[in-house]
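A closer look at the structure
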Amino acid sequence: MEDFLVFEGISKSFGSHKVLDNVSLTVKKGEIFSLLGPSGCGKTTLLRICAGLEEPDCGRVILNGEDITRLSPNMRQVNTVFQNYALFPNLNVFENIAFGLRISGVKEKVIKEEVFKYLELIQLTDHAYKRTDKLSGGQKQRVAIARALINKPNVLLLDEPLAALDLKLRQRMLVDLDNIHDEVGITFLYVTHDQSEAMSLSDNIAVLNEGLVEQVGTPAQIYEAPRTSFVAAFIGDTNFFEGDVVDVDEPYSTLHIDGFTDVTVYNDKKIRKGERVYISIRPEKFSVSIQKPELPEKYNIVKGTVKEIIYLGYHTKYWVKVNEYLIETKRLHDRYMLDEKIITWGDEVWLSWHADYCYMLEQYKLEDEALLTLPDEEIMAEIESESEQQE
Amino acid sequence: MPGIKNKRNEMLLTIPSAGWLILFFIIPTVLVVAMAFRNADPYGGIGNSWTLDTFRDLGNPDYPSIIWRTFWLSLVSTAVCIVTAIPAGYYISRLSRRYQNIILLLVIVPFWINFLIRIFAWKVFLHPEGLFKQLLVMLHLSSPESLLLYRTEAVLIVIIYSYLPFALLPIYAAAEKFDHHLLEAAYDLGASRLQAFMRVFIPGIRQGLLTAVIVVFIPALGSYIIPDIVGGPSAEMIGNKIAQRTFVDRNLPHASALSALLILAVLLPAAIGMTRRFFKEKNSASLGI
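Only a predicted model underlies this, so the values are computations on that prediction, with no experimental measurement involved.

1. Some thoughts on the overall build of chain A
- Per the secondary structure count, chain A includes nine helices and 20 strands.
- If one aligns the C-alpha atoms of chain A with their principal axes, the spans along those axes are about 80 × 50 × 40 Å.
- Classification of the 391 residues of chain A by burial places 38% in the buried group.
- Restricting to contacts in chain A with at least 6 residues of sequence separation, those with at least 24 account for 66%.

Put into structure tokens, the structure is as follows:
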């Protein structure tokens, strides 16, 4: 597939605040490409630059081989679904959807046909002549999508389109959006701060943080092989470890992690003996058990104390203290009540995981630890006072 | 039944203002209209019998041109006020809160000076020996013999000056509430700046525009002081004629007939608009739209 929409070295500042810093991205034709990041990371600004509603300080936007950086928004073959819908309150559903066609002077008969075609796509044919303020949030959202799609844009820009909807509706709209995408086959550029939305919808995701692209990849790449500590902590939960390489081998090496233990890890990148490396291990990669499991080679195993338990139905989260580390683990249960013995607070448990389950980060920043999920303050205070006593 | 209680409370709250309007607006209006059907007595009072003579007197050959002038002056001044106030209101609404307040204050400050004095100031300003005229002569833009004052144009300028703030305030208020993201949505859908302005902004501030038209057009129709001070005999409006019939000719029924004409001119479009709206709503309700 060809490179369809390209951002080349885009920078943008508002006053002294640099919102985007030399961002380059490539979107392929027909895919759903997500810009994922916390609020203030610059994702919406990048989308507005693509729509022509903001002008970059430097860099180029290329759509279908044509440089559109300085093109005014009404001349671009892109349409936007705005976060607050921005439906025209003086026009009914039909006229809202027809707006773009009327502007381009399409014949009345064609407008009618087209609008009803899209009303059918969003399943709102019965509401054609309703005022937009009589619609529910989800219906407004669908009208906004139809109003943009009817112009057959090269790229549909979606700015947090589901942020204003409640959870159940959001899940339904995600499926609807996916279906609409399959039906119209238009390239989607999707801005969201919600990692689960991005994961479930996208072909590719760009993770943005403070105006920089942290990583671009498929949802699986981003989740399984996070390049930086930010990506690892922002998408899903994780545990960070800081270790020194004590033994290098192919393809597995040994790390000494101060205040933890020695672990066997897979060499995700080239490492040298004595080098400091940071690894990320997702909570669900640990298996938690009361009895010490019999393990084959290349498995790591440590013993710890359960400090906090959160039961979540299909799985339970345990925070286990192992020496100086507090480790978040997740355990799925298909038969919770029949599990060996129910694990409770203060229990001694074994954590085990295969060397492949660690992932070496290319870049680690201490501040990203703040993104990790921790037990509530009371329990954290308890754990801290305990470790002080031990010392 | 909270609905019914609310209705009753609403009615109770409406009584003071409704009573005020009935006593000091509706009853006097009816009286003025009724007076138009009375004959005038020779002493400047109102006669005892009913007559249609006063309306026949409206056939006065001077009247058509005065009525025509009154209407076009009001229409043109309303149009100029609205057309000027729309961009001004738009830009003020886009300023920061601080600058918005400063500009609104500047708009309101002249109201601290008595209306009559402000009109007199215009007279001084436009007077043949006044500042503006002298300046024009100095710059050879005007000959000393020509007159700025006592012309219809002077009346027009002063009406616009007087009523522009009344057009600006409701338009600004509507523009301030307008969601500017809607303009971005319009550009995004292919509208040019002008198209977005006409199709999205103007309908978006519709209510403010309607208010502005009403508060400019109706007082302009009834102008009396402005043409009296800066206009001359050639720039008379209906208001001047009503005053003349009342104070000079002492013919109250005739003055009432002229007033009735003015009231009709204002009420008729409003009545048409309201009935059309009523039927439109009824139609859309029956269609289930």
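From this point on, the discussion continues.
2. Points about the environment of Thr69(A)
Residue and element names in this part refer to chain A.
- Structurally, Thr-69 is set in the loop between β5 (66-67) and β6 (78-81).
- Given 17 C-beta atoms within a 10 Å radius, Thr-69 is considered partly exposed.
- Between the alpha carbons of Thr-69 and Lys-269 there is a distance of 38 Å; along the sequence they are 200 residues apart.
- Aside from chain neighbours lying at most four places away, what touches Thr-69 is Pro-56, Arg-60 and Val-61.

3. Considering the domain arrangement of chain B
- Entries for chain B in the domain assignment read domain 1 (26-56 + 241-262) and domain 2 (64-231).
- Of note, the centres of domain 1 of chain B and domain 2 of chain B, computed from C-alpha atoms alone, are 34 Å apart.

4. Regarding the nonpolar core
- Judged by nonpolar contacts, the single largest core of 102 residues is most densely connected at Leu157(A) and Leu189(A).
- Leu157(A) has contacts with Leu47(A), Cys50(A), Ala51(A), Val78(A), Asn79(A), Thr80(A), Val81(A) and Leu189(A), leaving out every residue within four places of it along the chain.
- Residues Ala85(B), Ile160(B), Ile205(B) and Val216(B) belong to the second largest nonpolar core, which totals 43 residues.

5. Section: the packing of helix α4 (residues 137-149) of chain A against helix α5 (residues 167-184) of chain A
All names here are of chain A.
- Following both chains from N to C, one finds α4 and α5 inclined at 20°, their axes separated by 11 Å at the closest point. Judged by the inter-axis angle, α4 sits roughly parallel to α5. Here α4 runs over α5; the crossing is right-handed. For the pair α4 and α5, contact is made by Gly-137, Gly-138, Gln-141, Ile-145 and Leu-149 and by Leu-169, Met-173, Ile-180 and Val-184, respectively.
- Within the contact of α4 with α5, the residues separate by chemical class into six nonpolar, three polar and no charged.

6. Description of the interface of chain B and chain A
- Taken together, the 15 residues of chain B in the interface contact 18 residues of chain A.
- For the side of chain B that touches chain A, the secondary structure elements donating two or more residues are α8 (181-188) and α9 (193-204) of chain B.
- Sorting elements by how many residues they give to the side of chain B that touches chain A places α8(B) first, with six residues.
- Looking at the side of chain B that touches chain A residue by residue, the class counts come to eight nonpolar, five polar and two charged.

7. Structural notes on the domain arrangement of chain A
All names here are of chain A.
- For chain A, the assigned domains are domain 1 (3-224) and domain 2 (229-390).
- For domain 1 and domain 2, the distance between their C-alpha centres works out to 38 Å.
- Counting from both sides, the interface comprises eight residues of domain 1 and, opposite them, five residues of domain 2.
- Of all the secondary structure elements, the ones that give two or more residues to the side of domain 1 that touches domain 2 are β9 (204-209), β10 (212-217) and α7 (219-224).
- Residue composition of the side of domain 1 that touches domain 2, by class: four nonpolar, three polar and one charged.

8. Section: the pairing of β9(A)
Residues and elements named next belong to chain A.
- β9 sits mainly inside the fold: five of its six residues count as buried.
- Sheet topology note: the β9/β10 ladder contains five bridges and is antiparallel. Bridged to Asn-209 within β10 is Leu-212.
- Counting the residues that bridge the hairpin from β9 to β10 gives two residues, and of these Glu-210 lies at a positive phi of roughly 50°.

9. Things to note about the sheet that holds strand β1 (residues 3-14) of chain A
All names here are of chain A.
- Across the sheet, four strands lie side by side as β2-β1-β4-β5; this open sheet has antiparallel pairing. Bordering the open sheet on either side are β2 (17-28) and β5, each of which pairs with just one other strand.
- Docked against the sheet, helix α1 (residues 43-51) engages β1, β2 and β4 (58-63), running at close to 120° with respect to β1.

10. Focus: α5(A)
Residues and elements named next belong to chain A.
- The terminal C-alpha atoms of α5, which comprises 18 residues, lie 26 Å apart, in line with the 26 Å expected from a rise of 1.5 Å per residue.
- Of the positions making up α5, those classed as buried are Met-173, Leu-177, Ile-180 and His-181. Down the axis of α5, the buried set is contained in an arc of 95°. They therefore lie on one face. Among the exposed residues of α5, those oriented more than 90 degrees off its buried face are Lys-168, Val-175, Asn-179, Asp-182 and Glu-183.
- At its buried positions, α5 is contacted by β3 (32-36), α3 (108-121), α4, β8 (187-192) and α6 (195-201).

11. A few points about the environment of Ile279(A)
Residue and element names in this part refer to chain A.
- With respect to the element layout, Ile-279 can be found in strand β14 (residues 276-281).
- A tally of 23 C-beta atoms within 10 Å means that Ile-279 is categorised as buried.
- Considering only alpha carbons, one finds Ile-279 and Phe-116, 163 residues apart in sequence, at a separation of 54 Å.
- Ignoring any residue separated from it by four or fewer positions in sequence, one finds Ile-279 in contact with Phe-241, Gly-243, Val-265, Cys-358, Tyr-359, Met-360 and Leu-361.

12. Section: the sheet that holds strand β18 (residues 325-332) of chain A
Residues and elements named next belong to chain A.
- The strand order across the open sheet formed by five strands is β15-β19-β16-β17-β18, and the pairing between neighbours is antiparallel. The open sheet has two edge strands with one neighbour each: β15 (287-289) and β18. Strand-to-strand, the axes of this sheet are offset by a mean angle of 40°, without reference to chain direction.
- Pairing of β15 with strand β19 (residues 348-354) involves three bridges; the strand directions are antiparallel. Counted as the bridge partner of Ser-289 is Trp-350 from β19.

Conventions we followed
- Residue numbers here run from 1 along each chain, matching the order of that chain's written sequence.
- All chains are assigned letters beginning with A, and all ligands numbers beginning with 1, in the order in which they are written.
- Only residues with pLDDT of at least 70 are given local features in this predicted model, and only at 80 or more are side-chain atom pairs given and counted; all residues enter the totals for whole chains, interfaces and linings.
- Only DSSP runs of H or I reaching four residues or more are called helices, and only runs of E reaching two or more are called strands; each is numbered from the N terminus.
- For the exposure call, what matters is how many other C-beta atoms sit within 10 Å of a residue's own: 20 or more marks it buried, 12 or fewer exposed, and in between partly exposed, using C-beta atoms placed from the backbone.
- Here contacts are defined at the residue level, using C-beta atoms placed from the backbone and a cut-off of 7 Å between them.
- Either an automatic procedure or a domain database provided the assignment from which the domain bounds are taken.
- Only buried residues count toward a nonpolar core: Ala, Val, Leu, Ile, Met, Phe, Trp, Tyr and Cys, linked into one set through C-beta atoms within 7 Å.
- Between N-to-C directions, angles span 0 to 180 degrees; the directions come from axes that are lines fitted to C-alpha atoms, helices contributing only their stretch in contact.
- With respect to orientation, any angle under 35 degrees is reported as roughly parallel, any angle over 145 as roughly antiparallel, any angle of 65 to 115 as roughly perpendicular, and every other angle as oblique.
- Should the near helix be turned anticlockwise from the far one by less than a right angle, the crossing is termed left-handed; should it be turned clockwise, right-handed.
- Gly counts as polar in this scheme, as do all residues outside two lists: the nonpolar Ala, Val, Leu, Ile, Met, Phe, Trp, Tyr, Cys and Pro, and the charged Asp, Glu, Lys and Arg.
- One requirement defines pairing of two strands: DSSP has to find at least two bridges between them.
- Given a helix with a known number of residues, its expected span is that number minus one, times 1.5 Å.
- It is the directions from the helix axis to the C-beta atoms that the arc portrays.

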